Amino acid sequence: MKGSIGHFTLISAKILRHMAEVILMPRLSDTMTEGVIAAWHKKVGDTVKKGDLLAEIETDKATMELESYKDGTLLHVGIDKGGKLQVDDLLAIVGAPGEDISALLGSTKTATKKEEPAQTPSPSATASTPATTQALDISKMDEVVLMPRLSDTMEVGVIAAWHKNVGDTVKKGEVLAEIETDKATMELESYKNGTLLHIGAQKGEKIPVNGLLCIIGEKGKVDVDAIVAAVNAGMVTTNAAATPDDSQPALAEASTTTAVTTQPATASSENGRVKASPLAKKLAAEKGIDISTVSGSGDGGRIIKADIDKYKPSATAAPAAKAPAFTVTGQEGYTDIPNSQMRNVIAKRLGESKFSAPHFYLTMEINMDNAMVARAQLNELSPVKISFNDMVVKAVALALRQHPAINSSWLGDKIRRYSHIHIGIAVAIEDGLIVPVVRFADQKTLPQIAAESKELAGKAKNKKLQPNEFTGNTFTISNLGMMDIDEFTAIINPPDSCIMAVGRIKEVVVRKGDGFGVSNVMKVTLSCDHRSVDGASGAAFLQTFKKYLENPITMLL
């Protein structure tokens, strides 16, 4: 599902003494550094009205729609479909028909791109200079392709597959390789024509962000050995430092060179994924077509728009059934499964949380008899089925109103207490864990929370969450009750100060009056960061939370 960009960066036309206005690549999240043009909905010379869709921009998390803020004519686009732009690079210019925009183009280049020295040494000339006296500046070498940062948390990329071999001719737009990040597998396309002269790693190996990925140029005119030797020796100069993976040699410290364009990929048929263009994927989803059953006519079997348009379900044969692999009985064995990039990030962030934040735990048992009766009555009237987890979200949000110390973050030299209440709900997906956020949960009704939670969980499992849908949590809930877990402790999800672990509802025998009876109870455990939350504060919060769940009618007042 695509979001709409309501605001984007502008350079004032009045300042530049022009009627036209420059649109720069917007920052779609706090950590975004670049965007890929998935599609242009207007072309140069077209009339544009305020609110018209100009383009679709792909980030590592989602595809966003860019709307025009004014009326005019599209006079210039900064890059064609499939191209990549850094944040604040020139995206488009909108103005009056026939207007002279040469000054705007010049001013924008000055503002958004660093000027190169008047005399830039050729690669061969630079390489001939002794490494001890002068270092190579690979960030300015057109032939060098560095590993791009394809997500906000990416530190290394794994080569899932190479589509070209050293010595192969490469054309602009052809897929060079597939890169696995912590979020997805992305296709890497060439930005230029040439020959693939060198690759920085083999299939399955890691390259740190800004490490040497490959070299594309004209054979015999690029000193590949000098570039590789300089990189391996660390004798390079760059614009920004990269943090290489500990398992890799020291590589070049460089800002990401805009040498390639990337787009989400379902990869090759070799590893169970399907190669398709973003537009083909979009059309297949809109038409309800299983894209894995479509034959591709593009480069290397890539599925394109024409394949979707011509697709006929009756002509598609059912996939052949595969028999399970035979295993010899009685033999010892094991399988090493390489960590996905998402799993590596989970390990790093939660490891830092566990060992840097002093956790303490508070467990409470809650009688759910009244909650079960109230839920049944509410679901007779609610347009959306309300779950027990929805009731937990509402009770937590209302309790946070009364205990703001719990709704906080530790920032080192200060504690930040939030006036808004955004509840994160941990959702397990195939590659790991993600936390979609119900914003302003204390102000929403139970049916609203139920509908939003269901929608967010569906997006999370399909990796279609927008950036604002999985960031900004002030408190997190992790519920394993549906998996028959009685109770557990959860690791705090930064930047929260607390996380609540919710167990299953089970029947227990209790004393009732002069005899005994059965009650439904649920255990919850609150993990607290002792730097920002004290034991008494956490206990008081749980007492309020318990009152809401044991008397659900109070949540409706």
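Scroll up for the structure.
Residues numbered from 1 in each chain as written. Predicted model: local features only at pLDDT ≥ 70, side-chain atom pairs only at ≥ 80, totals over all residues. Heavy atoms only, no water.

1. Thoughts on the overall build of the chain
The secondary structure content of the chain amounts to 10 helices and 29 strands. Residues counted as buried form 46% of the 557 residues belonging to the chain. Excluding contacts between residues fewer than 6 apart, the proportion of contacts in the chain whose partners are at least 24 apart in sequence is 62%. Entry remark: accessible area of the chain is about 28400 Å², with carbon and sulfur atoms responsible for 52%. (Helix = DSSP H or I, 4+ residues; strand = E, 2+ residues; numbered from the N terminus. Buried < 20%, exposed > 50% of the residue type's maximum accessible area, 1.4 Å probe, protein only. Contact = heavy atoms within 4.5 Å. Areas by Shrake-Rupley, 256 points an atom, 1.4 Å probe, with all protein chains shown as cover.)

2. With respect to the sheet that holds strand 28 (residues 498-512)
Sheet strands line up and pair through hydrogen bonds in the backbone, either parallel or antiparallel. Pairing in this open sheet of six strands is mixed, and the strands run 20-29-28-27-23-26 from one edge to the other. The sheet terminates laterally at strand 20 (359-367) and strand 26 (437-438), the two strands that pair on one side only. Bridge count for strand 20 against strand 29 (residues 515-529) is nine bridges, and the pairing is antiparallel. Residue pairing in the sheet places Phe360 in a bridge with Cys528 of strand 29. Helix 8 (residues 388-402) contacts strand 23 (423-425), strand 27 (475-479), strand 28 and strand 29 of the sheet and is inclined by roughly 155 degrees relative to strand 27. (Pairing = 2+ DSSP bridges. Axes fitted to C-alpha atoms, helices over the stretch in contact; angles between N-to-C directions.)

3. What about a nonpolar patch on the surface?
Side chains of Met482, Met483 and Ile485 sit close together on the surface and give an oily, nonpolar patch of about 320 Å² of accessible area. In this structure, Met482 sits in the loop between strand 27 and strand 28. (Patch = residues over 30% accessible without salt bridge, like charges linked within 9 Å, V, L, I, M, F, W, Y side chains within 5 Å. Salt bridge = Lys/Arg side-chain N within 4 Å of Asp/Glu carboxyl O.)

4. A short note on helix 9 (residues 446-461)
A rise of 1.5 Å per residue sets the reference length of helix 9, with its 16 residues, at 22 Å; its end C-alpha atoms lie 23 Å apart and thus fit the reference within 8%. Residues of helix 9 that are buried make contact with helix 7 (369-379), helix 8, strand 23, strand 24 (427-429), strand 25 (432-434) and strand 26. Directly after helix 9, the chain includes Lys463, whose backbone phi takes a positive value near 55 degrees. (Expected span 1.5 Å × (residues − 1).)

5. Focus: the packing of aromatic side chains
Under the definition given, this model contains one aromatic pair. With 5.7 Å between their ring centres and 45 degrees between their planes, Phe475 and Phe541 make a pair best called tilted. One end of the pair, Phe475, is in strand 27; the other, Phe541, is in helix 10 (residues 535-550), with 66 residues separating them in the sequence. Assessed through its relative accessible area of 0%, Phe475 is described here as buried. Looking at Arg511, its charged tip hangs above the ring of Phe516, at a distance of 5.5 Å from the centre. (Phe/Tyr/Trp six-rings, centres within 6.5 Å; stacked < 30°, edge-to-face > 60°. Lys NZ or Arg CZ within 6 Å of the ring centre and 35° of its normal.)

6. Let's talk about the pairing of strand 8 (residues 72-77)
With five of six residues buried, strand 8 lies mostly within the body of the structure. Pairing between strand 5 (residues 47-48) and strand 8: two bridges, direction antiparallel. Bridge assignment links Val48 to a residue of strand 8, and that residue is Gly72. As defined by bridge partners, strand 8 adjoins strand 10 (residues 90-95) across four bridges and the pair is classed as antiparallel. Of the residues in strand 10, the one forming a bridge with His76 is Ile93.

7. Details of the sheet that holds strand 13 (residues 169-170)
With respect to topology, four strands assemble into an open sheet ordered 11-18-16-13, the strand pairing being antiparallel. What marks the edges here is a single partner per strand, and that holds for strand 11 (144-146) and strand 13. When strand 11 meets strand 18 (residues 212-217), the two strands line up antiparallel, connected through three bridges. Bridge pairing in strand 18 links Val144 to Ile215. Sitting on the sheet, helix 3 (residues 224-233) touches strand 11, strand 16 (194-199) and strand 18, and the angle it makes with strand 18 is about 165 degrees.

8. Thoughts on the pattern of salt bridges
Overall, the coordinates contain 16 salt bridges when judged by the stated rule. We note a salt bridge from Arg401 to Asp442, for which the minimum N-O separation is 3.1 Å. Taken together, the positions of Arg401 in helix 8 and Asp442 in the loop between strand 26 and helix 9 put the pair 41 residues apart, joining distant regions of the chain. The partner of Glu550 in a salt bridge is Lys546, with the nearest N and O atoms 4.0 Å apart. With a gap of four residues between them, Glu550 and Lys546 both fall in helix 10, about one helical turn apart. Residue Lys546 is classed as partly exposed on the basis of its relative accessible area of 25%. Sharing partners across several salt bridges, the network here consists of Glu455, Lys459 and Glu469.

9. Quick notes on the side chain of His403
Locating His403 in the fold gives a position in the loop between helix 8 and strand 21 (408-410). Not counting residues within four places of it along the chain, the set of residues in contact with His403 comprises Ala540, Phe541 and Thr544.

10. Examining the environment of His420
Within the secondary structure, His420 is located in the loop between strand 22 (415-417) and strand 23. Taking the relative accessible area as the measure of exposure, His420 reaches 26% and is therefore partly exposed. Each C-alpha atom of the pair His420 and Asp442 lies 8.7 Å from the other, and the pair is 22 residues apart in sequence. Dropping the residues within four chain positions of it, His420 is found in contact with Asn407, Phe440 and Thr474.

11. Section: the nonpolar core
Most often, soluble globular proteins keep nonpolar side chains buried together rather than apart. Counting residues in hydrophobic clusters, the biggest one holds 47 residues, and the most contacted among them are Val396, Ile423, Phe475, Met500, Phe541, Phe545 and Leu549. Ranked by residues supplied to this core, first place goes to helix 8 with nine residues. In this view, Phe545 contacts Ile366, Val392, Ala395, Val396, Ala399, Met500 and Val524; residues no more than four positions away in its chain are not counted. (Core = buried A, V, L, I, M, F, W, Y, C linked by side-chain atoms within 4.5 Å.)

12. A short note on the environment of Leu196
By secondary structure assignment, the location of Leu196 is in strand 16. According to the relative accessible area criterion, Leu196 is buried, its value standing at 0%. Note: C-alpha distance between Leu196 and Glu218 (22 residues apart in sequence) is 8.6 Å. Sequence-distant contacts of Leu196, that is, excluding residues within four places in its chain, are made with Lys164, Asn165, Val166, Gly167, Asp168, Val170, Cys214, Ile215 and Ile216.

13. What to know about helix 7
Those residues of helix 7 that sit buried are Ala371, Ala374 and Arg375. End-on, the buried residues of helix 7 take up no more than an arc of 105 degrees, which puts them together on one face. In this structure, the buried side of helix 7 is in contact with helix 8 and helix 10. (Arc of directions from axis to C-beta.)

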